[in-house]
Amino acid sequence: FEKIIEEIPEEPIINNFEETNTNTNSYEEEIKMLEESGIPVYDSDSRAKALYREVPGLLERIEKAIGVPYSNFGIIFSDRSKREKLESILYPVVLDDIRKWLESLSSEVAFIESATALGCSLFDGLYSEVWMVDAPLQERIRRNPKAAQRDSLQNFDPARITHIITNDSSLENLYEQTDRLL
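The present account deals with the structure reproduced in this document. (Residues numbered from 1 in each chain as written. Predicted model: local features only at pLDDT ≥ 70, side-chain atom pairs only at ≥ 80, totals over all residues. Heavy atoms only, no water.)

**Details of the overall build of the chain**
Logical step 1: Within the chain, the regular secondary structure consists of seven helices and five strands.
Logical step 2: Overall, the chain shows an N-to-C arrangement of helices and strands of β-α-β-α-α-α-β-β-α-α-β-α.
Logical step 3: Here the chain, with 182 residues, has 48% of them falling under the buried criterion.
Logical step 4: By sequence separation, contacts in the chain at least 24 residues apart represent 71% of the contacts at least 6 residues apart.
Logical step 5: Total accessible area on the chain is roughly 9,100 Å²; 49% of this is exposed by carbon and sulfur atoms. (Helix = DSSP H or I, 4+ residues; strand = E, 2+ residues; numbered from the N terminus. Buried < 20%, exposed > 50% of the residue type's maximum accessible area, 1.4 Å probe, protein only. Contact = heavy atoms within 4.5 Å. Areas by Shrake-Rupley, 256 points an atom, 1.4 Å probe, with all protein chains shown as cover.)

**Quick look at the packing of helix H3 (residues 58-66) against helix H4 (residues 80-104)**
Logical step 1: Between H3 and H4, the shortest axis-to-axis distance is 9 Å and the interhelical angle comes to 160°. Our classification of the angle between H3 and H4 gives roughly antiparallel. Crossing of H3 over H4 shows right-handed handedness. Contact residues: Leu-58, Arg-61, Ile-62, Ala-65 and Ile-66 in H3; Lys-82, Lys-85, Leu-86, Ile-89, Leu-90 and Val-93 in H4.
Logical step 2: Residues of the contact of H3 with H4, tallied by class, amount to eight nonpolar, no polar and three charged. (Axes fitted to C-alpha atoms, helices over the stretch in contact; angles between N-to-C directions. Parallel < 35°, antiparallel > 145°, perpendicular 65-115°, else oblique. Left-handed = near helix turned anticlockwise from the far one by under 90°. Nonpolar A, V, L, I, M, F, W, Y, C, P; charged D, E, K, R; others polar.)

**Quick look at the nonpolar core**
Logical step 1: In this structure, Ile-62, Leu-90 and Phe-123 are the most contacted members of the largest nonpolar core, which totals 33 residues.
Logical step 2: Secondary structure elements with two or more residues in this core: helix H2 (44-54), H3, H4, strand S3 (110-113) and strand S4 (129-134).
Logical step 3: When residues of this core are assigned to their parent elements, the largest contribution, 10 residues, is made by H4.
Logical step 4: Filtering out sequence-adjacent residues up to four positions away, Phe-123 remains in contact with Tyr-91, Val-94, Leu-95, Ile-98 and Ala-117. (Core = buried A, V, L, I, M, F, W, Y, C linked by side-chain atoms within 4.5 Å.)

**Considerations on the packing of aromatic side chains**
The description of an aromatic ring pair uses the distance of the two centres, along with the angle that the planes make with each other.
Logical step 1: According to the stated counting rule, one finds six aromatic pairs in the structure shown.
Logical step 2: Ring centres of Phe-111 and Trp-131 lie 5.0 Å apart, and the angle between their planes is 75°; on these two criteria the pair is classed as edge-to-face. You can see Phe-111 sitting in strand S3 and its partner Trp-131 sitting in strand S4, a full 20 residues away along the chain. Assigned by exposure class, Phe-111 and Trp-131 land together as buried.
Logical step 3: Members of the aromatic cluster, connected to one another through ring pairs, are Tyr-52, Tyr-70 and Phe-73. (Phe/Tyr/Trp six-rings, centres within 6.5 Å; stacked < 30°, edge-to-face > 60°.)

Rendered as structure tokens:
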């Protein structure tokens, strides 16, 4: 079965885990830990960026639709219309990529890392559980002053969350919580 890890984004990109301290990005650490445990992880942000290069014309269609070059895609976090246009083009491509990835797996457990899939019905049915990595708002703002702005971009029913991992201390604590759920 597939699981999705949902988190409030920390950087001006579509998805990320919160960082545990100023020297370590726990998003990358969490993915690394799962992969080192032999669990496949679909990193939505990395794959979306790769798809811009791999899918002929995708990046150009998005740039034309939202009226800005790739280097200015961060505007989608403050312009709902541009964000919705980008999502309407990118998300079906990401969905197809996830489905192909899932079909290629032999593992019984896999993770889809995404900060947006839970709030987008297009991705419903891809996952059986939702693990949310969360931190108190003040901690998220301390780590990234734009956290409050990014929080407002997420819209999902919290009742859909199966497990919450609280990321308010060390990487070791983050790993221990994840291990208990695995």
